Every structure is written in C-alpha cells, then in structure tokens.
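Listed below are the residues making up each chain.
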Amino acid sequence: MKIEAITLREIHMRLKAPFETSFGVTQDRRILLVEVIADGVRGWGEVTAMETPSYNSETTDTAWHIISDFVAPAVVGRSIARASDFPVLTGHIRGHEMAKAGVENAIWDAEAQQKGVPLSRLLGGSLSEIVCGVSLGIRDTPASLVARVEEELDHGYNRIKLKIKPGKDVEFVGAVRRNFPNAVLSVDANSAYRLEDAMHLRRLDEFGLLMIEQPLYWDEIHAHAKLQKLLETALCLDECIGNSRHAATAIDLDACRIINIKLGRVGGHTEARRVHDICSTHGIPVWCGGMLESGIGRAHNIAMSTLPGFTLPGDVSASRRYWREDIIEPAVEVTARGTIQVPESPGLGYSVRSKLIDQLTVRTNSWKASVTVPAS
Ligand code: OSB
Ligand code: MG
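This one's a predicted model, so the numbers in the text were calculated from it and none came from an experiment.

Undergrad: I'm lost on the overall build of the protein chain in this one. Help?
TA: Counting secondary structure elements, the protein chain contains 13 helices and 15 strands. Counting across all 376 residues of the protein chain, residues that qualify as buried make up 59%. The long-range fraction of contacts in the protein chain, counting pairs at least 24 apart against all pairs at least 6 apart in sequence, stands at 72%. Each charge sign in the protein chain was given a centre, from 42 positive and 47 negative side chains, and these centres are 1 Å apart.

Undergrad: I keep staring at the nonpolar core and nothing clicks. Help me out?
TA: If you look at soluble globular proteins, the nonpolar side chains tend to sit buried side by side. Membership of the largest hydrophobic core comes to 122 residues, with the highest contact counts inside it found for Ile6, Leu204 and Ile259. Among residues more than four places away in sequence, those in contact with Ile6 are Val34, Glu35, Val36, Ala72, Val75, Val76, Val103, Asn365, Ser366 and Trp367.

Undergrad: I keep staring at the site of ligand 1 and nothing clicks. Help me out?
TA: In the neighbourhood of ligand 1, 16 residues make up the surrounding shell, with Ser135, Lys163, Asn190, Leu292 and Tyr322 lying closest. A distance of 3.0 Å is found between an oxygen atom of ligand 1 and a side-chain nitrogen or oxygen belonging to Asp188. At 2.9 Å from an oxygen atom of ligand 1 is found a side-chain nitrogen or oxygen belonging to Lys262. Burial of ligand 1 by the protein amounts to 99% of the accessible area it has alone, namely 390 Å². Of the residues assigned to the shell around ligand 1, the class counts are six nonpolar, three polar and seven charged.

Undergrad: Would you explain the packing of aromatic side chains in this entry?
TA: Each aromatic ring pair is summarised here by two numbers: the centre-to-centre distance and the angle between the ring planes. Per the stated rule, a full pass over the model turns up one aromatic pair. Note on Tyr322 and Trp323: the rings are 6.4 Å apart at their centroids and 35° apart in plane angle, and the pair reads as tilted. By relative accessible area, Tyr322 is classed as buried at 10%. Its end group placed over the ring of Tyr322, Arg298 keeps NZ or CZ at 3.9 Å from the ring centre. The residue whose ring lies beneath Arg363 is Trp64, and the NZ or CZ to ring-centre distance is 3.9 Å.

Undergrad: Explain the packing of helix 1 (residues 60-75) against helix 3 (residues 97-115) here, please?
TA: To describe two helices that pack against each other, one gives the angle between their axes and the distance between the axes. Look at helix 1 against helix 3: their axes get within 8 Å of each other, and the N-to-C directions meet at 60°. Our pair here, helix 1 against helix 3, has a crossing hand that is right-handed. Seen from helix 1, the contacting residues are Ala63, Ile66, Ile67 and Val71; seen from helix 3, they are Ala99, Lys100 and Val103.

Undergrad: Got a minute to help me understand the coordination of the magnesium ion (ligand 2) in this structure?
TA: In ideal tetrahedral geometry, four donors around a metal make angles of 109.5 degrees, whereas ideal octahedral geometry with six donors gives angles of 90 or 180 degrees. Around the magnesium ion (ligand 2), the donor atoms from the protein are Asp188 (OD), Glu213 (OE) and Asp238 (OD), and they sit 2.1 to 2.3 Å away. All donors of the magnesium ion (ligand 2) come from a single chain, and their spacing in sequence reads D-x24-E-x24-D. In this pair, Asp188 sits in strand 7 (residues 185-188) while Asp238 sits in the loop between strand 9 (235-237) and helix 9 (244-252), placing the two residues 50 residues apart along the sequence. There is no split in this pair, since Asp188 and Asp238 are both buried.

Undergrad: I would appreciate a short explanation of helix 3 in the present structure.
TA: Three- or four-residue spacings in an α-helix give side chains the same orientation, since the helix completes a turn every 3.6 residues. With 19 residues, helix 3 ought to run about 27 Å at 1.5 Å a step, and its terminal C-alpha atoms sit 26 Å apart, in line with that. Phi for Gly116, located one or two positions after helix 3, is positive at around 70°.

Undergrad: Just to check I follow, could you spell out the sheet that holds strand 3 (residues 41-47) for this structure?
TA: Strand-to-strand pairing in sheets goes through backbone hydrogen bonds, with the strands running parallel or antiparallel. Pairing in this open sheet of four strands is antiparallel, and the strands run 3-2-1-15 from one edge to the other. The open sheet has two edge strands, strand 3 and strand 15 (361-368), and neither has a second partner. Sheet twist, expressed as the mean angle between neighbouring strand axes with direction ignored, is 20°. The sheet contact formed by strand 1 (residues 3-21) and strand 2 (residues 24-38) spans 14 bridges and is antiparallel. Paired with Thr7 across the strands is Glu35, a residue of strand 2. Packed onto the sheet, helix 3 meets strand 1, strand 2 and strand 3 and runs at close to 150° relative to strand 3. Those strands touched by helix 12 (residues 295-304) are strand 2 and strand 3, and its axis lies near 95° from that of strand 3.

Undergrad: Would you mind showing me how to read unusual backbone geometry here?
TA: As a rule of thumb, non-glycine residues mostly have phi less than zero, and peptide bonds are mostly trans rather than cis. With an omega of -10°, the peptide bond running from Glu329 to Pro330 counts as cis. Take Pro330: it is sitting in the loop between strand 12 (328-329) and strand 13 (339-341). Within the chain, Asp39 stands out as a residue other than glycine whose phi angle is a positive 50°. Assignment of secondary structure puts Asp39 in the loop between strand 2 and strand 3. Taking relative accessible area as the criterion, Asp39 reaches 39% and is therefore assigned partly exposed. You will see that Asp254, though not glycine, has its phi angle at about 55°, which is positive. Along the polypeptide, Asp254 turns up in the loop between helix 9 and strand 10 (258-261).

Procedures and definitions
Residues numbered from 1 in each chain as written. Chains lettered and ligands numbered in written order. Predicted model: local features only at pLDDT ≥ 70, side-chain atom pairs only at ≥ 80, totals over all residues. Heavy atoms only, no water. Helix = DSSP H or I, 4+ residues; strand = E, 2+ residues; numbered from the N terminus. Buried < 20%, exposed > 50% of the residue type's maximum accessible area, 1.4 Å probe, protein only. Contact = heavy atoms within 4.5 Å. Lys, Arg positive; Asp, Glu negative; His and termini not counted. Charge placed at Lys NZ, Arg CZ, Asp CG, Glu CD. Core = buried A, V, L, I, M, F, W, Y, C linked by side-chain atoms within 4.5 Å. Near = heavy atom within 4 Å. Polar contact = N/O pair within 3.5 Å; in protein donor to acceptor, adjacent residues only side chain to side chain. Areas by Shrake-Rupley, 256 points an atom, 1.4 Å probe, with all protein chains shown as cover. Nonpolar A, V, L, I, M, F, W, Y, C, P; charged D, E, K, R; others polar. Phe/Tyr/Trp six-rings, centres within 6.5 Å; stacked < 30°, edge-to-face > 60°. Lys NZ or Arg CZ within 6 Å of the ring centre and 35° of its normal. Axes fitted to C-alpha atoms, helices over the stretch in contact; angles between N-to-C directions. Left-handed = near helix turned anticlockwise from the far one by under 90°. Donors = N, O, S within 2.8 Å, 3.2 Å for Na, K, Ca; no water. Expected span 1.5 Å × (residues − 1). Pairing = 2+ DSSP bridges.

Shape is all these values report; function is a separate question.
And the structure:
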C-alpha cells in the first residue's frame, strides 16, 4: 500500500452535556480527524487526545504538531505491505501514541476497504455483537447520580461505571449500590488517589464492584501492585498501560486483574492487538475504553472490541449519548439489550458525513506524495 496523501483537520463538537472526571470538566471537544489516501482508497482515523494534558500528556495541539511535523513527513510517499507494518515507519517518534494512532487507524480502514472486508475481520475479530456499558461523570449529589444510573439501566446498558474523586466516592457509590443491588458497577478515579489512601479505598470493597479503574498515579504500575494486595476488588489499569510491554509488566507484578484497552493510548490497532494477545495468554479480561469520541473513533473502537478477549462490557455506547448529530451515518445505535451490532460492510462500516465534517472544521493541513516521473 502506498500512502499517497494525508489530510489532517480539527473539528469542534459540543457534547450534549458536560462530562466531569477527577481531572476536570469537558464539554467542547477539539477533535483531530485524519484522512489517508492509500492506493487510491480513502481511510479515516480519529486522534483521541483531550484538549488539556490531564488524562495523559498529549493534547489536541501536541498531536497537531507531532502529526504535522513528524508523522506525516515520515509516512507520506512510503509503501508498506499492510497497515500492521505502520509502526515501523514511526518507531523513531517517542511517545505521542494518540497522534500516531490517528494516522495508523486511518490506514487500517483503507486496507479493510481495499480487501473488501469489515475492519473487525481484518483485525481478527469474531464477535458480531459487542456488549456495552456506560461511563457516568461526577455529579453534584448522590441523588442526581442515582437518577442517571436508573436512566442508563432502563436503556439496557450492561455495566455502569461511575467516575469518582476524593470527596465524591464512598457516599455516591453507596447510594447507587443501595438503589440497584444487582447492577454491574465499577468506578474510575483517573489517578486521583495516592497509595496512602489505601485504607479509604478499601471501603469500596463492600459494594461488590466489578473493578476499580486507575485509582493511583497515571504513570506508575508498581504502586498499583501494592494497592491490589490490600483490596478485594479487582483493579483495572487504564492510563498506565501505554503499550504491550507495560501490560506484560502489570500482569507480572499483579498490579491489576483487568485491563482497559484504548486505541489511542497504546498507539493504534497493531499495538492494541498485542496488548489484547498478552492479556489473553495470561487470562486477563480486557474491555474497550472510550475518550468521548466522534463516530469515527467510535467505529474503530467497535471493530477492535470484536477480538475474543474483550469479554467485559466496554465504554463504547450510542452516539446519541454524546452528540446531537454524529459525523457518521448511521449513528452508532445500541439495542434494547445493551449491545451494538457490528457492521458487516467493508472498512469501518459507517459512512462518513463529509459535508457535516466540512462545516465543523476549523483548520486543515495536507500532504501529498510528490509525483515521481520515471526516467526515460
Ligand atoms: O478514563 O475512561 C476514562 C473520558 C475521557 C477521558 C478518560 C476517560 C473517559 C471516560 C468516558 O470514562 C468514556 C466514554 O464514554 O467515551
Ligand atoms: Mg479510565
């Protein structure tokens, strides 16, 4: 496959409601979309960096810089046999996984279309339906959180994840548990606690949670191993797993019993599949995390979630929970039993609404391979 051209654009999309995590409130998303032309076929990817370096160290603007000044120049005009060879072209660029993933994933979409297969099948996925959970932001009062949980359970979602932070944890989770004794519940702290808080976190054990996601330092696995020994509840790592070596380390140290896989955080489909494979080998269940994506990122998440190790409900849910109008057609919909039907048409399996994307675009940058004239 020859990577003939790349177009990078920034679009602005407003979430239907503000989303609060331990690191802040998000409502106005600045999302980068990547359009790649490979052998004449167009593929789409999304950069899942946040606007601020609060979840990890990347931002919309760092990704713009890294793609513009390093990734695009390194890959446009180059040929690779398949999308899974893409990391070889960008291996010299340290970090910036979300920036690289946006471009790599667009090439995966293009390859699947060239081969006439759904992206899920090109990745080796087998599920035809994926199981969905939701992630609920921090609320002002336990009562308003309970009301939100009730709505999402009524919609059929199979697992409810509650965002927590110090001061908004035990009381909130307790209220939800009392109201829904049988619901599958988990919590996500986005690194808001310290190892010294272990005795406080132990109070969550009584609520029978499926997992506690990333309670400690965003960049430290070892502290989670110490914490896991003190808790009954399974820990799940998100932020600390930037690649498959990190996953192997976490498993070796017993730092978690579950891993959340995010395409952007690990650098794209190729590395995500490696994380999945290591987890499968060690009997660690995985699930697909979300980053408040537009439909393009969501469609990539759906394809990845069809790999057999994705045995727990993910955070990938219906477009309408986030957006008044999504940039793909049809929008991602969830069945009454809280599942998404995996599309069967080639590539991402959704059509991209180019006109709407043009309206939402605030800046673009593009690169084309120079035409080489054969010597006569
Ligand atoms: O930690 O999983 C996270 C959103 C932004 C940044 C980090 C996270 C999240 C979510 C929301 O939990 C997942 C989603 O609904 O897309
Ligand atoms: Mg998380």
